[in-house]
Every structure is written in C-alpha cells, then in structure tokens.
Amino acid sequence: MSDETSVEPAARGDRIAGAVLVVLALGAWWHAQSFVAGFMQPVGPGVFPQLVSVPLGLLALYLMIRPGINHRWPSGASLCRQLGVLLVLGTYAAFIEPWGFVPTTLVTAVLLLRLFGANWRQALPYGVLLGVSLYLLFEFALGIPLPDMPGLGV
Amino acid sequence: MSTQLTKIIPRLGASALLGLGLVVSLPSQALPIDECIAPAAPGGGWDFTCRSVGKLMRELELVEDSVQVTNMPGGVGAVAFSNVASKRPDDSNLIVATSTVGVTQIAQGRYPDGADAMRWLAMLGTDVGVILVDDDSPYETLDQLLNDIVEEPSSVAMAGSSGAGGWDHIRALRLAKAAGLPGDQIGAMRWVQFDGGGPAVTQMMGGHVDAVSTDLGEIAGFIESGDVRVLAVLSEEPLPEPFEELPTAVAQGYDVTGYNWRGFYTGGEVSDDDYNAMVDTLKSLYDSEEWKEVAAQNGLVPLWRGGEEFSDFVRQSIEDVEDISREIGVIQ
Amino acid sequence: MDVLDFLVHGFAVALQPQHLLLAMAGCIIGTLIGALPGLGPVNGVALLIPLAFNFGLEPTAALILLVSVYYGCMYGGRISSIVLNIPGDEPAMMTTLDGYPMAQAGRGGEALGLSAVASFVGAIIATIGLTLFAPLLVKVAIRFGPAEYFALFVLAFATIGGVTSGSFTKSFIAAALGLLLGTVGIDPATSVARYTFGWYELYDGIDYIVALVGLFAVSECLLFLERDPDQATASLKVGSAVPGMRRAIACAPTIGRGSIIGFISGVLPGAGASLGSFLAYVLEKRWWGTRGRFGTGDPRGVAAPEAGNNAAAGGALIPMLSLGIPGSGTTAILLALLLSMNITPGPLLFEQQPDMVWGLVAALFIGNLMLLVLNIPLVGLFAKMLQAPAWFLMPMVTLVAFVGIFSLNNSAFDLYMMLAFGVLGYLLRKLDIPTVPVVLGLLLGGQMEFNLRRAMSISGGDWSILWSSGITIGIYAFAVSLLLAGLAYAMVIKKRLE
C-alpha cells in the first residue's frame, strides 16, 4: 500500500516492535485484572481485553523470533523535516483554542508550506490563501464555529 | 479544491449560517438556550427529549435560533456529565437531557461527581415502565411470568436498555421481589443490556430473550403494531388513550410503580439569573398546548417540577434509589 | 402490486423539479464534504440538518436532500482514497488498497470511473432489495442474536489476514492492537473506566474517525517528506473516467458479488457499511486467489468494496426504517432527522407513511443516477486539483484533515490523538504492518465485545451458547474454510517467491 519500493530485511525494526507489543499486551492483561466485574455480570469488563491481549502478546513474541521485512527508515534530513512537521502541528493544536483559529492557521499554513519544500515567496501568499479559504470553508460554508481570537469576533 | 467549495456552498449555506454566526459573535450575556446535549446516540429517550424540546422552543419562539442537538453517548450519561462539569460549568446556553435513568447512575456512584455538581432545571413529563413479551410468547399474564421467575430465577432471560442494576433492571427486580423472590435469589436472574428499548424488543421478537423491561415511549410503535404483548405498565393509574387498555401491575396485585421522568440540567456555575431565566423558558414550553400534544404522541404524561422544587426532588430521588439499590444488592 | 403503485407514486414525488434540484445540490455538497479527510457521511448529514430546518423544507424534501448528501459523501470518500491514499471516511478505507496503486500507475480516472459504476450498481441492487424484500429481510435479521453477531465479527477477523499482501502475523497483530484500543473508555455495562488513566477525554473511547485520519492522512504526510523532492513534485496523471466505466462491464460479476455481500451486512443492524466493504473485498480476493493482483492495483479490488459499501448503506435503511434501529452512524443521523420531524420509524412506518418511505426509495434511485452522471465532470475537477504542486497539495490536505477533526468536538485533545495515530501509522507502515485492521478492530471491537457479553448474560455464563445455533455454526465453518484458504494461498505465494 505504500510507495516505498526499497524493502530491506531489517530484522531490528520488527524485533523492537515485537518487544514493545509484548510489553503492551502484558500491561493490558495485567491492568485488565483491576477492572471489577459488575453486579450480575457473567463476563466482566476485564475479560475481553484479556482475551485480546493473549493473541497480541503471542503474535508479537513470534514477530520477535521470526521478524519479517521492513521498509527503509528515513535519513537524517527527512527525519528532521518529519519532526518539524509534527512539532508545527502539535503547536498548532496547543494554540488553536487560546489564540483563535485565524492567526494560528495562517502561521501553521506558511510553516507547513515551507517544510514541504516551498520557498518563502511561494509559502507566504499561498499559506495566507490556504488559511483564509479554510476559515471561509468551515466557518461560513459548512457553518462550523471555529475558535475566535481573544476579544474579537473572528 | 477549497476555493471551489466556497463558491458552490455559500449560496445554500450562507443564509442559514449567518444567524448562527451572529449568535456566536455576540458578547456573552444571558442568551437563550442554543444547545441541548443528548447523552446518548440518536433514537433513544434522551435524544427524543432534546430534539422535541429544541424544536418546540424554536417553533414557540422561546429562543431566537434553532437549538442544536449534540449527541454525546457514553457511560449512560457519564461522558456528557463529566464534559459539562469540567469544560462548560458556566455555559448558560446549554441544557442537558436527563431522566430517572441518569439519576440512578448518580445514586449508584457511576458518574464522576454527585448531583450538586450541576444545577437541575426542570422535568417536563414522565414516561412509564412496561413489561413486555413477544406476541407468541407462552406468557399471557404478569402472574405467569413472575411465577416462573420465583420458581426458577434462571429460567427467564430479561432485557432492557440499562445495564444490570440500572433503572430498567431495578423495576423488573422490584416486581420479582413483590412476587416473592427471596433476596439471595436475585443474582440468579438473567439480565441482558441492549443499546436501547428498540433493540431489546427486536431481540425479543427474534427469540433471543424472553421478556423486556423498558419505557413505553421508546417502543410504543411495537405495541401499536401488535408485535409485542404488554404484561404490565408500572403506573399507579391506567394510562390515557391510546394505551388505556394496558393492565397496570398495581391492578394485578403487585404494588410496584416505575416512572422515568424526562428533564434537564445545566452546569453548576450558571448564575442564579440565568438559571431562573432557563427555568422560565422551560415553564413556558411546558404550558403550551404543543408540548402536551408531543408528549401524548410519545407516551409521555406531562408533569412539571421546576427550579428549587425540582432540585429537591432530584436529591430525594437519589436517596430513594440509593436505598433500593442497596436493598437489592447493586451497591454495598 | 401495492408496492409498485407506491413506488410509482414515490417517483412522481421525487421527480418534482424542486426535489430534483435539492437532490442535485445534495449530491454536489455531499461529494465535496466526503472528499475532505475526516468529514464523512455522518458529519455531512449532521451539518445539513439545520440547513433543512432553516429552509423550512417539508419532511420528504428534507429527506431527499439528506439522502443525496449521504450518498454524495459515500462517493466523495472514495475520491480522496483513490487519489491521495487518504480515505475520507471509514467505509472508503478498503478502496485505498487497490485504488491508490491504480492512481499511481496513472489510472486514477479509470479507478474513479469504475468505482462510480460499482457504487451505483451496489446502491441500486440494495434499493431494489429494499423495495422488494424489506419485510422478509427484517424477519431474517431478527434471527441474528448476540451469539450470531459475535460469530459474524469472528468471521471478519478470521479473514483479516487476507486484507493486504503482507504477512499473516502482522495483519493479526494489527487487528489485535485495534481491538485492544477499542476497549479504551467507559464500559457501558458496568461504567468501569478502562485504560483511561484519568483522562476524561478518553471516557467515550477512541474516536475511530480521529484514528482513521491519523493513521492514513498524517502518516501519508510524514511518508511524503521522505520522497525525493524532484520526484515528489511530478504531478500524477489522472486520465478520464470513461475507460473505468467500460471496465465495469468486465467486472460485472465482481460488482454483483460485492453488492450482495454488502447488502446482507447492511441489513444486519450492528454490522454496517464498513463490514460490508471489508467482507466484499476480502471475499473477492479469496475468490480469485492467485489469479488476482489484489493490493497492487487490481480493478476488481476497487469494484468489490465500492459495490459493497454502497449496497450496505442501502441495506442499513431497512432496519432503520422498519425497526427504528440504526445500523450505522449515518443511519443513526437519518433516524434522528426523522424523529425530529415527528416521524417515528418502526414496524408501522411502511403502512402509516407510505409517501415518505417510497419517496425516499425513489430519491435513492435518482440520487445515485445523478452521482453517476456528475462523476465525469468531477473527475476532471479532481484531476486539476492534483496538478497543484506537492508543496501546496500536502499541506492543504493535512490542514483540512486537522480542521475537520477539530470541528468534530472542538477538542484539541482529538488533534493530539490524531498526531499520535499519525506517528503510529507511520511506524506501522515502515514495519510493513497493515493499518486497515487497526481501524477495523477499533470500529468493530465494541460491538464484538458487547455481543459476546450479551450472549453470556443470556446463557448465564455458559460459553456453549456461542456455537449453539445453526447460523453460528455455519458462520464459523465459513470462517475456518476462509482462514485455511488464506493460509494455503500464502504458502503458494511464498513458494513462488522462492
């Protein structure tokens, strides 16, 4: 389903993932024991999570022992841009409510365009265009109220 | 793509949404109610309460704009309760639908906080419990059903829209107790929870459960179509038309009633002025002929308690349900 | 012949010019909403309800508008699936598996055209089924009790190994992870908070739309950043929709099978459109076995789930109208709409409100025909959109997804959740673990669990209820044979590779 053509038999990724999932399954199983069964419940709230965590743990263990193929992990430069995008989007999520939709979206749009390879002369006008169209689309065309800037009606 | 969208939709949307935009952009003051949270998925009693009341308030011009209904299902109202308590305790535009079912949850400590976390506005009417079986069930009368339960509690699988220990279940258990089921046998009865009264009744029609205990309003259509047989309604007096033929449990010798009132609360930090204004709005709605009609169509009996009277009533109900729950063993 | 009389009358109602205009508006608005990641039929219909009220539309007109939006959204959902590998909503998820590879090979227009025809046929078959067999199907559907539903979900998860061409182990891991994530939140039966760690935002569980958009859209965006910038800006060829419509004739048997499977899952309340498209895809893949190229751009991999999901959407109207039970998120919204118009769906609806019911059925026919015709200009429009440079296209998609998710609950928490699922989706895709089973687990896990617990409540704790009826035994036998066929198929592939 992915666009990666380069596939490598990198066992390490699968082994780490398997280990993480085994821990997750064990944690889920253990935590599910604390879910108290309710009044007159033959099958309490903990049974299903436990039923699911058993195959998850076993399959993850199998993955550790017999790892499959992975796609190539990103290079340093790509990784930086990915972290940059995540950081921008995370900051956007944090500021959209206190600062209002319009300013945060404009800043985010310009920064995202930059991170995706636009130069400043492209990023500024198109970022503003994108931010404003989103505002018009959601606030007016779809009628979904978006957070306003503090003290202002927009 | 977005520019294309903005060209096409505004012609349809703008006029409708302009009004909403205006309300949103006004400074906050004692605005009319503009949102009703139904703490359940569409189709059930709470959803009906919000939708019918919201629509009527608009039609009677008690509010300026349409009342938006937000469905917020989860935890039998716990999700909506905690959302309002933590995020919108002072939102005087918001009402939340609730009922005996919600208050039962509070009484059993299943909400994150007690009744004092909210301000209780009013109840507008009450639904009544019914005990149903399929139309080709071997049970012809309430006596036959209860006799079987008393003789062999595990022989009957009953279903309803609340969980074990919830209001639908409590009503069924009180009947079983009235018929002489000893307290230590209650755990042997079988109770199955479905997503609402409608699903419970269809599962009964499919033969998967034997009897259903739920509210009349939600499943009135199945009674009218003759798909189910009503063994008992849990009201003191026989119901008004078109349900006047249905036998009450009281008339059959079991002194059990079980109503389910429908009402609203709002956040606990709403000011007294706003609170009183909201109660007044609901009172005007209650006094209208239109509400009486809507209520009757949906098997509700109009009944008013508002403001402080309602708050006291809710606290009293919580105490009562706590006692019953302890007696039955739902809580220790 | 009552039914036909009513239907003719229904068409007369639906063909009034004002209704036709509404249907057309609904189709266009729906397609555009559906194409936005994060906004699907549920939001589309919910957004338009106030509009219908504000225009003071009478019930039939409002219903025609909203049904057109419903189907328009279903249609729009597949456009972003095929073109961007980002499903607009959950039933369109299966279409990414072969639709996106087709688009990458420059056959996007063909995939869009083919999916339009497949959807049309699926919807029409479902509508015919609704017209002719609604009362009969209701009788069959109520035979499905908790144990039977549980078996149905077991069937879905037993076949999950066949979803993608990746390894069986990894598919099942993804499904188990999804099921586990699906248990997060307040347990409705006991009000116990499970895996919420004190966050009240998690009380209502993980919203699968948030997870879906994170897993597909955000991870797609992260993967995109790794591409060679020169290659990334080269715009994709989309082509015309017309060859796809011709291709549909060759895929007719596939479309037929997909429609029937989808319709059946739609009729069962609690199964719904997602299960319909999923089962249609998996069973079609099994049908062709090693003769298909599923997962790498096989047109049948587009035709089957599209026919399935639209047939399921039509089928879901049956329990909604005749029992008042919504089988899916969207039918729940339609039900809410009917209720607020003082129309109570239930066993008497077909007798008491024949105008409304048959007008609705006619609206379904007309809306689908309209979407089929609209498809040709719309493919051109989306082709143009794709010629936008990647540095504009990807941020736009990301932001639309962001705002779309934010607008669901006005909650910043949902956004963090979406980012977390984005990172998860990225890691899974790097590890070659399919993401589709995670969403399926989340979507179906709740119903699977509650039906298990209901069955156990009915039996009083006796597990044998799970395999005590003919229907359940049949479903399990089918699941086992599919599982074995899948394993055999995987072994053949492995041999070939060696």
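Scoring rules and cut-offs
Residues numbered from 1 in each chain as written. Chains lettered and ligands numbered in written order. Predicted model: local features only at pLDDT ≥ 70, side-chain atom pairs only at ≥ 80, totals over all residues. Helix = DSSP H or I, 4+ residues; strand = E, 2+ residues; numbered from the N terminus. Rg over C-alpha atoms; globule rule 2.2 N^0.38 Å. Buried ≥ 20, exposed ≤ 12 C-beta atoms within 10 Å, placed from the backbone. Contact = placed C-beta atoms within 7 Å. Nonpolar A, V, L, I, M, F, W, Y, C, P; charged D, E, K, R; others polar. Domains from an automatic or database assignment. Pairing = 2+ DSSP bridges. UniProt positions renumbered as here; feature names shortened; annotations may be inferred. pLDDT = per-residue confidence, 0-100.

Time to look at the overall build of chain B. From N to C terminus, chain B includes 12 helices and 10 strands. By the compact-globule yardstick of 20 Å for 332 residues, chain B fits well, its C-alpha radius of gyration being 21 Å. Its C-alpha atoms give chain B principal-axis dimensions of roughly 65 × 40 × 40 Å. A total of 332 residues make up chain B; the buried ones form 55% of that total. Summarising the internal contacts of chain B: among those between residues at least 6 apart in sequence, 79% fall at separations of at least 24.

Moving on: the interface of chain B and chain C. Residue-level contacts link 45 residues of chain B with 41 residues of chain C. A class-by-class count of the residues in the side of chain B that touches chain C yields 19 nonpolar, 19 polar and 7 charged.

Residue and element names in this part refer to chain B. The domain boundaries assigned to chain B delineate domain 1 (31-126 + 262-328) and domain 2 (128-259). For domain 1 and domain 2, the distance between their C-alpha centroids amounts to 26 Å. Taken residue by residue, the interface counts 15 residues in domain 1 and 17 residues in domain 2. Among the secondary structure elements, those contributing two or more residues to the side of domain 1 that touches domain 2 are α5 (100-107) and α12 (307-328).

Residues and elements named next belong to chain B. Locating Pro-73 in the fold gives a position in the loop between β2 (68-71) and α4 (78-87). Between the alpha carbons of Pro-73 and Val-96 there is a distance of 12 Å; along the sequence they are 23 residues apart. Those residues within four positions of Pro-73 in sequence are excluded, and the remaining contacts are Pro-39, Ala-40, Ala-41 and Val-79.

The next thing to look at is the interface of chain A and chain C. Accessible area lost on assembly of the parts is the figure often given for the size of an interface. Taken together, the contact between chain A and chain C spans 60 residues of the former and 56 residues of the latter. Of the residues forming the side of chain A that touches chain C, the biggest block, 12 residues, is contributed by helix α3 (residues 76-99) of chain A. When grouped by side-chain class, the residues that make up the side of chain A that touches chain C number 39 nonpolar, 17 polar and 4 charged.

As a further point, take the domain arrangement of chain A. Domains assigned within chain A are domain 1 (7-71) and domain 2 (76-141). Summarising the inter-unit geometry, the C-alpha centres of domain 1 of chain A and domain 2 of chain A are found 37 Å apart.

Attention now goes to unusual backbone geometry. Residue and element names in this part refer to chain C. You will see that Asn-85, though not glycine, has its phi angle at about 65°, which is positive. Residue placement: Asn-85 occurs in the loop between α4 (59-84) and α5 (95-141). You can call Asn-85 buried: it has 24 C-beta atoms within 10 Å. Backbone geometry at Tyr-195 places phi at a positive 50°, although glycine is not the residue there. Topologically, Tyr-195 is positioned in the loop between β2 (193-194) and α8 (208-224).

Residue and element names in this part refer to chain B. By the criterion of burial, strand β4 (residues 118-134) is predominantly enclosed, with 17 of the 17 residues buried. With 9 bridges connecting them, β4 and strand β9 (residues 259-267) associate as antiparallel partners. Each bridged residue has a counterpart across the sheet, and for Thr-126 the counterpart in β9 is Trp-261. Here 4 bridges tie β4 to strand β10 (residues 301-306), and the two strands are oriented antiparallel to one another. Bridge pairing in β10 places Gly-125 opposite Pro-302. Examined bridge by bridge, β4 and strand β7 (residues 211-215) share 5 bridges and lie antiparallel to one another. Among the inter-strand pairings, Ile-131 is bridged to a residue of β7, identified as Ser-213. Here 5 bridges tie β4 to strand β8 (residues 228-233), and the two strands are oriented antiparallel to one another.

Next up on the list: the UniProt feature "domain: DUF1468" (unreviewed entry) in chain A. Here the UniProt-annotated "domain: DUF1468" (unreviewed entry) positions come out as residues 16-147 of chain A. Summarising residues 16-147 of chain A: 73% helix, 2% strand, and an end-to-end C-alpha distance of 41 Å.

The next point concerns the confidence of the model for chain B. Residues and elements named next belong to chain B. The predicted model of chain B averages 84 in pLDDT, with 90% of residues at 70 or higher. The low-confidence segment residues 1-30 (pLDDT under 50) makes 42 contacts with residues lying over four places distant or belonging to another chain. Per the prediction output, this complex has pTM 0.84; the corresponding ipTM is 0.91.

Right, let's get into the environment of Phe-264 of chain B. Its place among the elements puts Phe-264 of chain B in strand β9. Separated by 127 residues in sequence, Phe-264 of chain B and Ser-137 of chain B have C-alpha atoms that sit 38 Å apart.

Residues and elements named next belong to chain A. Those places that UniProt annotates as "transmembrane region" (unreviewed entry) correspond, in this numbering, to residues 16-32, 47-65, 77-95, 101-117 and 124-144. What you have in residues 101-117 is 88% helix and 0% strand, and the ends, taken at the C-alpha atoms, are 24 Å apart. Annotated as residues 124-144, this span is 86% helix and 0% strand, and its ends, taken at the C-alpha atoms, are 26 Å apart.

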